[in-house]
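Structural overview
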Amino acid sequence: MRLEVKDLRKSFGETEVLHGLSFTVESGRALGLLGRNGAGKTTTIRILMDVFRANEGSVTLDGKPFSPKEIGIGYLPEERGLYPKKTVSEQLMYLARLRGMEKNEALSAVKYYLQRMGVEEYANRKLEILSKGNQQKVQLASTLIHNPPVVILDEPFSGLDPVNAQVLKDVIREQIAEKKLVIFSSHQMSYVEEFCNDIVILNHGKAVLSGELQQLKKEFGHNRLILSLNGCNGEQTAEKTADILKGLAYPDGIRKDQVILRLTEEGSKSRVMQALASAELDVELFGDYRPSLNDIFVESAGDES
């Protein structure tokens, strides 16, 4: 399957919040939909869910107009929406039937997901007595109970401990392996890096960066090196190497104990290495810069303008 979002525009009153947004998602490949608060992620998801319509643009699945009701979406919202006074199995059964499953099919699905999430012992207990982590696992079960081909996950790991997070990781990987179309929205970049092949970063309602994650990392790391000196923080490293590397490279970012260098037209990795060796500096780390997704995100969407 291929979901294509093309030239979406959405206004509330006189304020336009999406400005011609476009991206694509393919089944078996998770897309990270990223952006700061207010960037347009929630608006985009609500358009995909048909909660409201875009003013302009289109959403198609394999070239045909996308209909969430016909296709089926599993949606895990950031704000959880289950019923705390109802038992776990009761509400999973209710939600399964609400999504069109026959009784026996729904019973089987409920049993499977209670076991898969490791919460079968709580089947007949009210949701409110469960820990936050177990409630989150029940929420994910409700998202996937009807085996939807399209899955949208909004901050699925918020507040989870490592053990419960691992269960969710495994289940999400299974969805991707089953060739589901998965959209993953989160501010926790380490999780996005684990699952997502492709990303789109929104800023002020526009896609400021999109593409295959590993390729974007290569592009952001091009002509950049990373350096640290023993006993020095990033600023001290930059100061100590300023004259030594003049004309070859210059600081392009400082971390706690490292400096990122950008090569000049005359510079190269080997020439920088020779200059550092000639100066007899105590080099702790030197090599090609490989940015994390967090680095890419900050560089792409960190401005306030």
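All values derive from a computational prediction rather than experimental measurement.

This brings us to the overall build of the chain. Counting its regular elements, the chain contains 11 helices and 14 strands. Expressed as lengths along the three principal axes of its C-alpha atoms, the size of the chain is roughly 75 × 45 × 35 Å. For the chain, the proportion of its 305 residues judged to be buried stands at 47%. Within the chain, counting contacts between residues at least 6 apart in sequence, those at least 24 apart form 67% of the total. On the chain, the mean spot of the 39 positive side-chain charges and the mean spot of the 43 negative ones are 6 Å from each other.

We now examine the sheet that holds strand β11 (residues 224-229). An order of β12-β13-β11-β14 is seen for the 4 strands of this open sheet, with the pairing classed as antiparallel. Strands with a single pairing partner mark the edges of an open sheet, and in this sheet they are β12 (249-254) and β14 (283-288). For this sheet, the mean angle separating the axes of adjacent strands, direction not counted, is 30°. Summarising the sheet, β12 and strand β13 (residues 259-263) pair through 5 bridges and their orientation is antiparallel. Paired with P251 across the bridge in β13 is L261.

Between helix α4 (residues 103-116) and helix α6 (residues 162-177), whose axes approach to 11 Å, the crossing angle comes to 130°. By the criterion of interaxial angle, the relationship of α4 to α6 is oblique. When α4 is examined against α6, the residues Y112, Y113 and R116 are found in contact with a partner set consisting of V167, D170, V171, E174 and Q175. Residue composition of the contact of α4 with α6, by class: 4 nonpolar, 1 polar and 3 charged.

Calculation criteria
- Residues numbered from 1 in each chain as written.
- Predicted model: local features only at pLDDT ≥ 70, side-chain atom pairs only at ≥ 80, totals over all residues.
- Heavy atoms only, no water.
- Helix = DSSP H or I, 4+ residues; strand = E, 2+ residues; numbered from the N terminus.
- Buried < 20%, exposed > 50% of the residue type's maximum accessible area, 1.4 Å probe, protein only.
- Contact = heavy atoms within 4.5 Å.
- Lys, Arg positive; Asp, Glu negative; His and termini not counted.
- Charge placed at Lys NZ, Arg CZ, Asp CG, Glu CD.
- Pairing = 2+ DSSP bridges.
- Axes fitted to C-alpha atoms, helices over the stretch in contact; angles between N-to-C directions.
- Parallel < 35°, antiparallel > 145°, perpendicular 65-115°, else oblique.
- Nonpolar A, V, L, I, M, F, W, Y, C, P; charged D, E, K, R; others polar.

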